[in-house]
Amino acid sequence: AQSVTQLGSHVSVSEGALVLLRCNYSSSVPPYLFWYVQYPNQGLQLLLKYTSAATLVKGINGFEAEFKKSETSFHLTKPSAHMSDAAEYFCAVRRGQGGKLIFGQGTELSVKP
Amino acid sequence: GAGVSQSPSNKVTEKGKDVELRCDPISGHTALYWYRQRLGQGLEFLIYFQGNSAPDKSGLPSDRFSAERTGESVSTLTIQRTQQEDSAVYLCASSLTRGNDGEAFFGQGTRLTVV
């Protein structure tokens, strides 16, 4: 069965510091991997997705993620945090097209001034 | 419409009442998903539609929950005899089955409060 694990339910960084949100997946076949962001009282917005075209994926708002098959990881990074990055971040996996997305438990990112 | 639309945005209901939540997917999207998000928790999968059939409804928590979809259009999630533990945000998403690498687009959700 597919699953994703997000390490750390809460991450706090200072404005301007590196953001690193961790995601590990388990899948028996190469998956599609996604990072979504949820701002307070809003729906989910896609940040970026991995679809095997390139291992380093760039997304919106300066975020990027690297697919590492050897580590079964898809960690999300941003070089310099901004106050507006404070939100809940979800990693998700899907095997192939169609079928359900399996979400991690989410990581709440706080950004301190 | 341009995005996934859900209605109502907020619903307060008395324990024991039935509620119906509606989702209008993006036009042309054959896949539709319902998720539940309890306060401070992740997204819990409920049901997946491909067209008007539901190949995966493994996440429906009890027989009080049901969902249907008309063609490749509107879906309704019905909760009968609501309980307080049903209080959550119910999110709907849609995607193209082919192409677009499976990206799912989410609605704003319906916040259900059972009192």
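S.K.: Explain the interface of chain B and chain A to me, and be specific about the residues and the numbers.
M.R.: Each partner contributes residues to the interface: chain B has 24 residues there, and chain A has 21 residues. Counting every contact that joins chain B to chain A gives two salt bridges. For Lys49 of chain A, the salt bridge is made with Glu103 of chain B, and the minimal N-O distance between the two is 3.5 Å. At the boundary of chain B and chain A, one finds six residue pairs in polar contact (both at pLDDT 80 or more). At the level of secondary structure, the elements contributing two or more residues to the side of chain B that touches chain A comprise β4 (31-37), β5 (43-50) and β9 (88-95) of chain B. Looking at the side of chain B that touches chain A residue by residue, the class counts come to eight nonpolar, 11 polar and five charged.

S.K.: Tell me what's going on with the pairing of strand β8 (residues 75-79) of chain B, and back it up with residues and numbers.
M.R.: The side chains of a regular strand alternate between the sheet's two faces. Residues and elements named next belong to chain B. The element β8 is largely enclosed, with a buried count of five among its five residues. Burial along β8 is two-sided: the face carrying Ser75, Leu77 and Ile79 and the face carrying Thr76 and Thr78 are both buried. Pairing between strand β3 (residues 19-24) and β8: five bridges, direction antiparallel. The partner of Leu21 across the bridge, within β8, is Leu77. The pairing of strand β7 (residues 65-69) with β8 spans five bridges and is classified as antiparallel. Counterpart to Ala67 in the pairing with β8 is Leu77. Between β7 and β8, which follow one another and run antiparallel, lie five residues, and Gly71 among them has a positive phi close to 55 degrees.

What counts, and at which threshold
Counting of residues starts from 1 at the beginning of each chain's written sequence and follows it residue by residue. For this description, chains carry letters from A and ligands carry numbers from 1, given in the order in which they are written. Per-residue local features are limited, in this predicted model, to residues with pLDDT of at least 70; the limit for side-chain atom pairs, both in listing and counting, is 80 or more; totals at the level of whole chains, interfaces and linings are taken over all residues. Side-chain figures throughout are based on the complete set of non-hydrogen atoms in the structure, without hydrogens or water. By definition, residues are in contact when any of their heavy atoms lie within 4.5 Å. By definition, a salt bridge exists where a carboxyl oxygen of Asp or Glu is found within 4 Å of a side-chain nitrogen of Lys or Arg. Two N or O atoms count as a polar contact when they lie within 3.5 Å, although within protein this holds only if one can serve as hydrogen donor and the other as acceptor, and sequence-adjacent residues are included solely when both atoms are side-chain atoms. Labels follow the DSSP assignment, with helices taken as runs of H or I lasting at least four residues and strands as runs of E lasting at least two, numbered in each case from the N terminus. Charged residues are taken to be Asp, Glu, Lys and Arg, nonpolar residues to be Ala, Val, Leu, Ile, Met, Phe, Trp, Tyr, Cys and Pro, and polar residues to be all remaining types, Gly included. Accessibility here uses a 1.4 Å probe with only protein chains present; expressed as a share of the type maximum, an area under 20% marks a residue as buried, one over 50% as exposed, and anything in between as partly exposed. Any two strands with at least two DSSP bridges between them are considered paired.

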